[in-house]
Amino acid sequence: MIDIKNDPRFKGLEPFPSRVWLSSPTMHGDEQRWVDDAIQTNWVSTVGRNIDEIEKAIAEYVGVQYAVGLSAGTAALHLATKLAGERLFGMARPNEGTLQGKRVFCSDVTFDASINPVAYEDGEAVFIDTERDTWNMDPAALEKAFELYPDTKLIVLAHLYGTPGKMEEIKAIADKHGALIIEDAAESLGAKYRLNGKWIETGALGDYNCISFNGNKIITGSAGGMFLTDSKEDCEKVRKWSTQSREAAPWYQHEEIGYNYRISNIVAGVVRGQIPYLEEHIEQKKAIYERYKEGLKDLPVSMNPFDAEKSVPNYWLSCLLIDEDAMAPHVRGEQDELWSHIPGKSSPGEILNAIACFKAEGRPIWKPMHMQPIYRTHKFITAEGNGRGRSNAYIAGTGADVGADIFRRGLCLPSDNKMTPEQQDIVIDIIHRCFQ
Ligand SMILES: Cc1ncc(COP(=O)(O)O)c(C=O)c1O
């Protein structure tokens with residue numbers, strides 16, 4: 001490892017006076033107004049005008065009939081997964097999940113909150129490898145997975161870093177096999193996809209759709225999430241489950257297991273103040289992406305790709321991928337890493353450490369789920385078939401594993417919409433120096 005501060009390549013650079021973040025909340029003032037409104041009117045609870053307003057505004061923006069405000073994107077994903085489980089396999093006993101013994105095909109390069117609800121519901125996540133065009137679920141690998149496990153009826157798909165996945169292909173495969181799709185649009189609110197010639201927002205593309213207002217997202221409530229749907233019945237069920245599944249009795253009466261997952265009217269006030277700025281945030285993120293693309297074009301790297309004909313990302317995070325022949329040595333253990341420098345080459349480890357040294361925050365690519373210790377025993381399907389157990393003492397090469405490759409060579413760049421062009425130029429300069 002290299003002492004970056006004393007490395008002559010970084011001579012003359014000073015740390016940023018205040019940290020440049022990966023993606024931090026950007027407040028505009030209206031948030032305070034709606035939080036104050038909630039407090040002054042005493043709607044300091046999980047009911048109130050802020051909740052009603054954001055449900056209406058987001059449903060309208062995304063183009064769905066109904067939105068249910070929840071405490072987190074994870075809560076939305078849990079209830080979406082439970083809804084799908086009930087529809088496919090019926091109501092479960094109180095101590096059992098709705099997916100008991102069932103396989104669910106899941107995005108592999110995503111945040112674990114996308115797919116943990118499969119485990120909450122006692123199902124088995126089967127991870128589907130990633131394609132290189134958008135870094136999302138590979139339709140070829142999904143098709144392969146249906147060949148191997150044709151009785152699977154549920155898919156959980158995330159749009160990584162705000163870039164829509166190949167929905168047209170994936171929906172066609174799902175339809176062919178009679179499978180439902182849970183769409184995790186937590187990172188992609190405001191991104192659009194052209195499905196069969198019609199532009200549709202992410203968050204309106206699945207059978208069950210979820211977004212997040214986590215502090216690092218394109219707009220935030222400090223926390224919070226939403227379930228989005230065109231089904232009145234599903235909307236009502238999620239409202240019921242998220243408020244402890246109360247029946248219409250004078251006392252607490254329960255026919256179903258309940259959850260305390262409803263959004264707070266205070267949190268909804270922050271979201272309400274943010275919604276008018278969603279487009280502005282997307283424009284800022286897009287400018288950041290394009291500035292990186294231009295500034296890094298002379299280096300042996302590429303940016304996180306998208307399909308410009310079929311999609312408009314929200315550019316939530318800008319990422320780079322180092323060309324294979326420009327990769328310096330970099331090995332990762334389960335919790336630590338080791339990297340070294342070779343002139344003309346670099347590694348995610350070196351770049352992330354270098355920018356951190358000057359007080360800018362990047363992040364490794366989300367580690368693929370099939371590589372996570374918790375899911376090590378779960379199946380992983382690539383375009384070639386079973387992605388596990390392919391190594392061999394006698395034959396070189398272990399076949400495709402696109403997610404592992406993107407994790408190995410990629411990284412997320414500082415993408416905060418308050419980062420100035422001057423600050424971004426310095427980040428770009430640091431990355432250049434890494435390759436010297
Ligand atoms: C892809 C993805 N899914 C789900 C979540 C979970 O959302 P929340 O943090 O609101 O629970 C996140 C991020 O937080 C995410 O990035």
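Details of the structure are given in the entry above.
Here the structure is a predicted model, which is why all the values come from computation and not from measurement.

A. Summary view of the overall build of the protein. Per the secondary structure count, the protein includes 12 helices and 18 strands. Compactness check: the protein gives a C-alpha radius of gyration of 22 Å against a globular reference of 22 Å for 436 residues, within 12% of the reference. Principal axes of the C-alpha set define a box for the protein whose edges measure 75 × 60 × 40 Å. Expressed as a percentage of its 436 residues, the buried residues of the protein come to 55%. Within the protein, contacts between residues separated by at least 24 positions form 72% of all contacts whose residues are at least 6 apart in sequence. With the model as given, the accessible surface of the protein reaches about 18,600 Å², and the carbon-plus-sulfur share is 51%.

B. Spotlight on the sheet that holds strand β12 (residues 319-322). Within the open sheet, the 4 strands sit side by side as β10-β12-β18-β15. Their pairing is antiparallel. Strands at the two margins of the open sheet, each flanked by one partner only, are β10 (301-303) and β15 (363-364). With 3 bridges joining them, β10 and β12 adopt antiparallel strand pairing. Paired with Met 303 across the strands is Leu 320, a residue of β12.

C. Broad picture of the packing of helix α10 (residues 348-357) against helix α12 (residues 421-434). Packing of α10 against α12 brings their axes to within 10 Å, and their N-to-C directions diverge by 135°. Comparing their axes, α12 and α10 come out oblique. Once α10 is placed against α12, the crossing between them reads as right-handed. Facing α10, whose interface residues are Glu 350, Ile 351, Ala 354 and Ile 355, α12 presents Val 427, Ile 430, Ile 431 and Cys 434. Taken together, the residues of the contact of α10 with α12 break down into 7 nonpolar, no polar and 1 charged.

D. The arrangement of the pairing of strand β7 (residues 198-201) in detail. Two strands pair when backbone bridges link them, and strand β6 (residues 192-195) and β7 are joined in this way by 4 bridges, in the antiparallel orientation. Opposite Leu 195, over in β7, you have Lys 198 as the bridge partner. In textbook terms, the turn of a hairpin is the stretch between consecutive antiparallel strands, and for β6 and β7 this stretch comprises 2 residues, one of which, Asn 196, has a positive phi near 50°.

E. The environment of Lys 345, seen in detail. Along the chain, the position of Lys 345 falls in the loop between β14 (337-339) and α10. Taking the C-alpha atoms as reference points, Lys 345 and Asp 323, 22 residues apart in sequence, are found 9.3 Å from one another. Not counting the four nearest positions on each side in its chain, Lys 345 is found in contact with Asp 325, Ala 326, Met 327, Ala 328, Glu 350, Cys 434 and Phe 435.

Cut-offs and rules
- Residues numbered from 1 in each chain as written.
- Predicted model: local features only at pLDDT ≥ 70, side-chain atom pairs only at ≥ 80, totals over all residues.
- Heavy atoms only, no water.
- Helix = DSSP H or I, 4+ residues; strand = E, 2+ residues; numbered from the N terminus.
- Rg over C-alpha atoms; globule rule 2.2 N^0.38 Å.
- Buried < 20%, exposed > 50% of the residue type's maximum accessible area, 1.4 Å probe, protein only.
- Contact = heavy atoms within 4.5 Å.
- Areas by Shrake-Rupley, 256 points an atom, 1.4 Å probe, with all protein chains shown as cover.
- Pairing = 2+ DSSP bridges.
- Axes fitted to C-alpha atoms, helices over the stretch in contact; angles between N-to-C directions.
- Parallel < 35°, antiparallel > 145°, perpendicular 65-115°, else oblique.
- Left-handed = near helix turned anticlockwise from the far one by under 90°.
- Nonpolar A, V, L, I, M, F, W, Y, C, P; charged D, E, K, R; others polar.

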